[in-house]
Amino acid sequence: MPSEPQPLISRKSAPLTGSVSLPGDKSISHRALILGASAVGRSRVTGLLEAEDVMATADALRQLGIPIECSDAGGKRAWLIDGRGAGGLIEAQNVLDLGNSGTGSRLLMGLLATQPIKSVITGDDSLRRRPMNRVMTPLEQFGAGFDSRDGGLLPVTVSGTAHPIPITYELPVASAQVKSAVLLAALNTPGKTTVIEPQPTRDHTEKMLRYFGAEIDVEDLSGGGRAITLTGQPELTGKEIPVPADISSAAFPLVAALLAPGSSVTLKNVGLNLLRTGLLDTLLDMGAAIKTENSQDMAGEPVGDLKVTAGGLKGVAVPSERVPKMIDEFPILAVAAACADGTTTMTGLAELRVKESDRLAVMAKGLTACGVDLEEGEDSLIIHGNGKPPQGLHGTAAIATEWDHRIAMAFLVLGLVTDQPVRIDDSAPIATSFPEFTDLMTGIGADIGAAP
Ligand code: S3P
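The structure presented is a predicted model; accordingly, all values stated were derived computationally and were not measured.

K.L.:
What exactly am I supposed to notice about the overall build of the protein here?
P.N.:
A tally of regular secondary structure across the protein gives 12 helices and 23 strands. For 452 residues, the compact-globule estimate of 2.2 N^0.38 gives 22 Å, and the protein sits close to it at 21 Å. Across its three principal directions, the C-alpha atoms of the protein cover 60 × 50 × 45 Å. Counting only residues that meet the buried cut, the protein has 58% of its 452 residues in that class. For the protein, the share of sequence-separated contacts (at least 6 apart) that also reach a separation of at least 24 residues comes to 77%. On the protein, roughly 16200 Å² of surface is accessible, and the fraction owed to carbon and sulfur atoms is 49%.

K.L.:
It is not clear to me how the pattern of salt bridges should be interpreted in this structure. Could you clarify?
P.N.:
A side chain with one charge can pair with a side chain of the opposite charge if their charged atoms come near. Evaluated as defined, the whole model comprises 28 salt bridges. The salt bridge involving Arg202 is made with Asp328; its shortest N-O contact spans 3.4 Å. A residue pair is termed long-range when its members are at least 10 positions apart, and Arg202 in the loop between strand S11 (192-197) and helix H6 (204-212) and Asp328 in the loop between strand S18 (317-318) and helix H9 (330-338) qualify at 126 residues. For the residue pair Arg202 and Asp328, the accessibility class agrees, reading buried in each case.

K.L.:
Looking at this structure, how should I read the domain arrangement of the protein?
P.N.:
Accessible area lost when the parts come together is the quantity often used to give the size of an interface. Partitioning the protein into structural domains gives domain 1 (8-14 + 245-254 + 275-281 + 313-450) and domain 2 (26-230). Across the boundary between the two partners, domain 1 contributes 20 residues, which contact 22 residues of domain 2. For the pair domain 1 and domain 2, the summed buried surface comes to about 1800 Å²; carbon and sulfur atoms form 47% of the total. On inspection of domain 1 and its partner domain 2, the count reaches three salt bridges. For Arg130, the salt bridge identified is with Glu356, shortest N-O distance 3.8 Å. For the pair domain 1 and domain 2, the interface holds 11 residue pairs in polar contact (both at pLDDT 80 or more).

K.L.:
Which parts of the structure should I look at to understand the pairing of strand S3 (residues 40-46)?
P.N.:
Consecutive side chains along a regular strand alternate between the two faces of the sheet. Of the strand pairs in this sheet, S3 and strand S5 (residues 78-84) are connected by six bridges, and their pairing is antiparallel. In the strand pairing of S5, Arg44 is matched with Leu80. Note that S3 and strand S14 (residues 240-242) share three bridges and pair parallel. What sits directly across from Val45, in S14, is Ile241.

K.L.:
Which parts of the structure should I look at to understand unusual backbone geometry?
P.N.:
It is generally the case that most residues other than glycine have a negative phi and that most peptide bonds are trans. Residue Pro155 is reached from Leu154 by a cis peptide bond, and omega for that bond is 0 degrees. Structurally, Pro155 is set in strand S9 (residues 153-159). The backbone of Ala299 sits at a positive phi, close to 50 degrees, despite the residue not being glycine. The backbone of Trp403 sits at a positive phi, close to 50 degrees, despite the residue not being glycine. Along the polypeptide, Trp403 turns up in the loop between strand S21 (381-386) and helix H11 (405-415). By relative accessible area, Trp403 is classed as buried at 12%.

K.L.:
What is the right way to read helix H5 (residues 176-187) from this model?
P.N.:
Each full turn of the α-helix corresponds to 3.6 residues, which orients residues three or four apart in the same direction. For H5, with 12 residues, the first-to-last C-alpha span of 16 Å sits near the 16 Å given by 1.5 Å per residue. Looking only at H5, the buried set comprises Ala176, Gln177, Val178, Lys179, Ser180, Ala181, Val182, Leu183, Leu184, Ala185, Ala186 and Leu187. If you check the start of H5, you find a side-chain oxygen 3.3 Å away from the backbone N of Gln177, and it comes from Ser175.

K.L.:
In this structure, what is going on with the pairing of S21? I would like to understand it.
P.N.:
Because side chains alternate across S21, one face comprises the buried residues Leu381, Ile383 and Gly385, and the other comprises Ile382, His384 and Asn386, none of which is buried. In this structure, strand S19 (residues 341-346) lies alongside S21, joined through six bridges in antiparallel fashion. The residue of S21 that forms the bridge with Thr345 is Ile382. Where strand S20 (residues 373-376) meets S21, four bridges bridge the pair, whose relative direction is antiparallel. Bridged to Leu374 within S21 is Ile383. Linking S20 to S21, which pair antiparallel, is a turn of four residues.

K.L.:
Quick question: what am I supposed to make of the packing of aromatic side chains here?
P.N.:
The geometry of two aromatic rings is summed up by the distance between their centres and the angle between their planes. This structure, assessed with the given rule, holds three aromatic pairs. Summarising the aromatic geometry, the rings of Tyr211 and Phe212 are spaced 6.4 Å apart at their centres and angled 85 degrees between planes, so their arrangement reads as edge-to-face. Taking relative accessible area as the criterion, Phe212 reaches 1% and is therefore assigned buried. Centroid distance Phe252 to Phe437: 6.4 Å. Interplanar angle 85 degrees. Geometry classified as edge-to-face. In this pair, Phe252 is assigned in helix H7 (residues 247-259) and Phe437 in helix H12 (residues 437-443), connecting sequence segments 185 residues apart. Take Phe437: its relative accessible area is 0%, and that puts it in the buried class.

Conventions adopted
- Residues numbered from 1 in each chain as written.
- Predicted model: local features only at pLDDT ≥ 70, side-chain atom pairs only at ≥ 80, totals over all residues.
- Heavy atoms only, no water.
- Helix = DSSP H or I, 4+ residues; strand = E, 2+ residues; numbered from the N terminus.
- Rg over C-alpha atoms; globule rule 2.2 N^0.38 Å.
- Buried < 20%, exposed > 50% of the residue type's maximum accessible area, 1.4 Å probe, protein only.
- Contact = heavy atoms within 4.5 Å.
- Areas by Shrake-Rupley, 256 points an atom, 1.4 Å probe, with all protein chains shown as cover.
- Salt bridge = Lys/Arg side-chain N within 4 Å of Asp/Glu carboxyl O.
- Domains from an automatic or database assignment.
- Buried area = accessible area lost by both parts, 1.4 Å probe.
- Polar contact = N/O pair within 3.5 Å; in protein donor to acceptor, adjacent residues only side chain to side chain.
- Pairing = 2+ DSSP bridges.
- Expected span 1.5 Å × (residues − 1).
- Phe/Tyr/Trp six-rings, centres within 6.5 Å; stacked < 30°, edge-to-face > 60°.

In structure tokens form, the structure reads like this:
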């Protein structure tokens, strides 16, 4: 975390136009590094997200004995991982600092739980406030030991077990991170491990495990859940992994293009995993003009170009069963809802309170400061759009982003359509997931710059 905050300001912009390539998918990038490390031989990853969160995972794996390097040979950038097989990590000499990354820390806790080594995991101020019990509880059942601060916060010492026992675990919350932690622990565990999820969550881990050669079985359950069974100690072999663009990053220029009158923007090669596209479903329900072109498959993941044209949006009720499919997109949806005609109702949002910030509270506070009429509930947000963009901020007031990249980007998008500019107190956290954000946005015509 840098000591000096980097405020930014966004102002009402001309129509946004152009065709843009976005950075790689964060979830898939973490998994490509971790599964590459767990396979035997070399994996080659193209399009890896080169942002702070993913680089923290790469650094941690290097400390655990995995050679990882970036090659630029022939102008083709690729990340090379020389995996040592499931169970092949060596004890790190120092603390593993995962920075701001909930995904990196929780997935690594899973991987480390069934390796006979001791590891200490920590993170930045934000990550050290986030709950880790949700992964420690199932991982203890494999036989791993944990020592944490304040009964479940980082730093955590993981004592991996040399004799793991396969488990069946039902997730109490719909969380792809917890599911993935269990599956990664199961990799070095003999026998079959089953994880049951109440609602389907992003299945990148399952898809990539299968792509690497693991035996993984997915059963749809009555009531909408899923049971995922992995046969432990598979022989994974190094692979070629192309990473699609991140739909959760694409969401920001996408909503900007919908809101800024006269805009037309194409977002290329965006990952369209069906368990990640809830924002697109919701925006289409709101009347958005979004077309998918050039659909294709990339290493088992669906990908396509999104062509977005500006137009008025209307308020909707977002079905709560859709929440896991758009869990990271509520900050930017809240911005779209604030500019829509009519009321948007979002329910089942309890998980938003334990993200990089308490996103329900932080969005509600920032939007209210911009003149939006809304109601914040324990796990809900109701936004009364008035069909016109809210007013923005007067003078030098700034939105408190609470070291949360998605809050920062969401409010910068809002400022592109408000009469008064929107200033944010710190843009530094954007580098955790989307370091090119400001350049990419200004490249399509957005007026975003350093705040005076
Ligand atoms: C992620 C899962 C989600 C999401 C996060 C990335 C993943 O978290 O919010 O940004 O890559 O598995 P939860 O599992 O806590 O819902």
